[in-house]
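Tertiary structure, described
If you want the building blocks of each chain, they are given just below.
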Amino acid sequence: MEKRPVEPLGADLIDALRSVTTATLTAVLMKKGLRNVWIRRARPLQPGGPRRVGRAFTLRFVPAREDLATPASWASPISTRAAIEAMPPGVIAVVDAMGVTDAGIFGDILCARMKKREVAGLVTDGVVRDLAGVQATGLAVWCQGTAAPASVTSLTFVGWQEPVACGGVAIFPNDVIVADDDGAVVIPAALLDEVAGPALEQERHESWVLEQVDAGVPLPGLYPADAATRARYEAWLKERG
């Protein structure tokens with residue numbers, strides 16, 4: 001099957017989404033009827049890093065089958081190595097590892113290559129191996145943790161750039177991933193324009209609410225806002241131009 005090309009994200013849109021928390025995104029997406037957007041079991045390997053935004057570049061594993069999941073498979077045309085060489089700059093690799101935690105999908109060498117190819121990050125419901133080496137690459141990783149065994153001990157790699165289920169969430173190529181210390185959230189590609197604007201506005205409004213809380217304003221009528229609070233907020237927006 002022909003692989004769908006990766007659609008680039010505009011720099012302005014990337015900058016905008018970098019200013020929106022994943023918590024805000026889940027709230028905005030919930031208002032649009034999407035509740036299953038947070039990728040379970042994908043936690044930052046090194047918390048405290050910058051928020052990452054990128055198109056989803058999907059990879060998929062299935063349970064290991066001994067005639068296929070061998071070290072020789074790493075040189076196959078259908079391999080994690082081939083998939084990494086197909087990744088354009090700026091994407092976030094989303095790897096369906098079925099939640100397996102006893103075999104690392106990638107180690108330091110593969111992560112180093114991804115970093116060299118300017119991949120924005122790696123998100124998986126599985127684990128990685130060679131922890132110190134992976135951290136040394138500087139690649140931003142969200143996963144369940146680490147394991148020493150290689151992927152072929154428990155998994156068989158079967159393809160890339162097709163729909164996957166990662167952490168119980170359906171991810172399609174060209175969906176947009178936003179990942180921070182709260183985890184990773186998917187924005188369906190078709191809803192990107194509908195989500196980005198409201199998400200920015202919610203961030204702006206909640207920043208104002210925090211200012212009011214710091215000033216001693218009580219929560220009733222403030223959050224959620226009553227008519228008087230909405231009027232004060234609109235006046236504040238007008239003053240800011």
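Since the structure is predicted, the reported quantities are computational estimates derived from the model, not experimental observations.

Re the overall build of the protein chain
Regarding its fold elements, the protein chain presents 7 helices and 10 strands. In terms of overall dimensions, the protein chain has a C-alpha envelope of 70 × 35 × 30 Å along the principal axes. Each of the 241 residues in the protein chain was classed as buried or not, and the buried ones make up 46%. Across the protein chain, contacts joining residues at least 24 apart in sequence account for 78% of those joining residues at least 6 apart. Only carbon and sulfur atoms are counted for the fraction: they give 57% of the accessible area of the protein chain, which is about 11700 Å². Treating the 25 positive side-chain charges of the protein chain as one cloud and the 28 negative ones as another, the clouds have centres 1 Å apart.

Observations regarding a nonpolar patch on the surface
There is a patch of nonpolar side chains on the surface, built from Val-213, Leu-219 and Tyr-223 and spanning about 280 Å² of accessible area. Mapped onto the fold, Tyr-223 is located in the loop between helix 6 (192-214) and helix 7 (227-240). The class of Tyr-223 is partly exposed, set by a relative accessible area of 46%.

Some details on the side chain of Arg-55
Topologically, Arg-55 is positioned in strand 2 (residues 52-63). At a separation of 2.8 Å, a polar atom in the side chain of Arg-55 contacts the main-chain carbonyl oxygen of Glu-7. Those residues in contact with Arg-55, other than ones at most four positions away along the chain, are Val-6, Glu-7, Pro-8, Leu-9, Gly-90, Val-91, Ile-92, Asn-174, Asp-175, Val-176, Ala-189 and Leu-192.

Some details on the layout of surface pockets
A volume near 230 Å³ is recorded for the largest pocket. Lining the largest pocket are 19 residues; nearest its centre among them are Leu-68, Ser-73, Ile-78, Thr-156 and Phe-157. Elements that contribute at least two residues to the lining of the largest pocket include exactly helix 3 (80-85) and strand 6 (155-160). Residue contributions to the lining of the largest pocket peak at 4 residues, all from strand 6. A class-by-class count of the residues in the lining of the largest pocket yields 10 nonpolar, 7 polar and 2 charged.

Remarks on the packing of aromatic side chains
Given two aromatic rings, one states the distance between the centres and the angle between the planes to describe the pair. Taken as a whole and judged by the stated rule, the model has 4 aromatic pairs. Both rings, one in Phe-157 and one in Trp-160, keep their centres 6.3 Å apart while their planes meet at 10°; by these two values the pair is stacked. Here Phe-157 matches Trp-160 in class, with each residue buried. Ring-pair connections join several aromatic residues into one group, and the members of that group are Phe-61, Phe-157 and Trp-160.

Some points on the packing of helix 2 (residues 22-31) against helix 6
Between two packed helices, the angle of one axis relative to the other and the distance separating the axes together describe the packing. For the pair helix 2 and helix 6, interaxial distance at closest approach is 9 Å and the crossing angle is 125°. Classified by the angle between their axes, helix 2 and helix 6 sit oblique to one another. Of the two elements, helix 2 crosses helix 6, and the hand of that crossing is right-handed. Between helix 2 and helix 6, the contacting residues are Thr-24, Leu-25, Ala-27, Val-28, Leu-29 and Lys-31 on the first element and Val-195, Pro-198, Ala-199, Gln-202, Glu-203 and Glu-206 on the second. Residues of the contact of helix 2 with helix 6, tallied by class, amount to 7 nonpolar, 2 polar and 3 charged.

Quick notes on the pairing of strand 9 (residues 176-180)
With 5 of its 5 residues buried, strand 9 lies for the most part within the structure. Because side chains alternate across strand 9, one face comprises the buried residues Val-176, Val-178 and Asp-180, and the other comprises Ile-177 and Ala-179, equally buried. Where strand 9 and strand 10 (residues 183-187) come together, 5 bridges link them in antiparallel fashion. When the sheet's bridge partners are listed, Val-178 is paired in strand 10 with Val-185. Counting the residues that bridge the hairpin from strand 9 to strand 10 gives 2 residues.

Regarding the nonpolar core
Ranked by size, the top nonpolar core spans 35 residues in total, and within it Ile-39, Ile-171, Ile-177 and Ile-187 carry the most contacts. Excluding its chain neighbours within four sequence positions, the residues that come into contact with Ile-171 are Ile-39, Ala-56, Thr-58, Val-94, Glu-162, Pro-163, Val-164, Cys-166, Ile-177 and Val-186. Ranked by size, the runner-up nonpolar core spans 27 residues in total, among them Leu-45, Phe-57, Val-91 and Cys-143.

The rules behind the values
Residue positions are given per chain, counting from 1 as you read along its sequence in written order. Selection of residues for local features in this predicted model requires a pLDDT of at least 70, selection of side-chain atom pairs for listing and counting requires 80 or more, and totals for whole chains, interfaces and linings are taken over all residues. Hydrogens and water are ignored here; the side-chain numbers use all heavy atoms of the structure. Numbering goes from the N terminus for both helices and strands, where a helix is a DSSP run of H or I of at least four residues and a strand is a run of E of at least two. Relative accessibility under 20% of the residue-type maximum defines a buried residue, over 50% an exposed one, and the middle range a partly exposed one, all with a 1.4 Å probe and only protein chains included. Note on contacts: a residue pair is in contact if any heavy atoms of the two residues lie within 4.5 Å. Surface exposure here means Shrake-Rupley accessible area, sampled with a 1.4 Å probe, where a residue is shielded only by the protein chains that are shown. Residues counted as positive are Lys and Arg, residues counted as negative are Asp and Glu, and His and the chain ends are not counted. A single reference atom marks each charge: NZ on Lys, CZ on Arg, CG on Asp, CD on Glu. Within this analysis, patches are made of residues with over 30% relative accessible area and no salt bridge. Like charges are joined at 9 Å or less; nonpolar side chains (Val, Leu, Ile, Met, Phe, Trp, Tyr) at 5 Å or less. Counted as salt bridges are all cases of a side-chain nitrogen of Lys or Arg within 4 Å of a carboxyl oxygen of Asp or Glu. We call two N or O atoms a polar contact when they sit within 3.5 Å, provided that within protein one can donate a hydrogen and the other can accept it, with sequence-adjacent residues counted only if both atoms are side-chain atoms. Cavity: a set of points on a 1 Å grid over the protein atoms alone where a 1.4 Å probe fits but cannot get out. Pocket: an open set with protein on both sides within 12 Å along at least five of seven lines, its lining residues, like those of a cavity, having an atom within 4 Å of a point. Grid points are joined across faces, edges and corners, and a volume is the space filled by probe spheres set on the points. Polarity classes work like this: nonpolar for Ala, Val, Leu, Ile, Met, Phe, Trp, Tyr, Cys and Pro, charged for Asp, Glu, Lys and Arg, and polar for all others, with Gly in that last group. Two aromatic rings from Phe, Tyr or Trp, using only the six-membered ring of Trp, form a pair when their centres are within 6.5 Å; if the ring planes differ by under 30 degrees the pair is stacked, by over 60 it is edge-to-face, and anything between is tilted. Fitted lines through C-alpha atoms serve as axes, helices being fitted only where they are in contact, and the angles separating the N-to-C directions of these axes extend from 0 to 180 degrees. Note that the term roughly parallel is reserved for angles under 35 degrees, roughly antiparallel for angles over 145, roughly perpendicular for angles of 65 to 115, and oblique for everything else. Helix crossings get a hand from a simple test, with the near helix turned counterclockwise from the far one by less than a right angle marking a left-handed crossing and a clockwise turn marking a right-handed one. At least two DSSP bridges between two strands are required for those strands to pair. By nonpolar core is meant a set of buried Ala, Val, Leu, Ile, Met, Phe, Trp, Tyr and Cys residues that side-chain atoms within 4.5 Å join together.

All quantities given are derived from atomic positions and should not be read as evidence of function.
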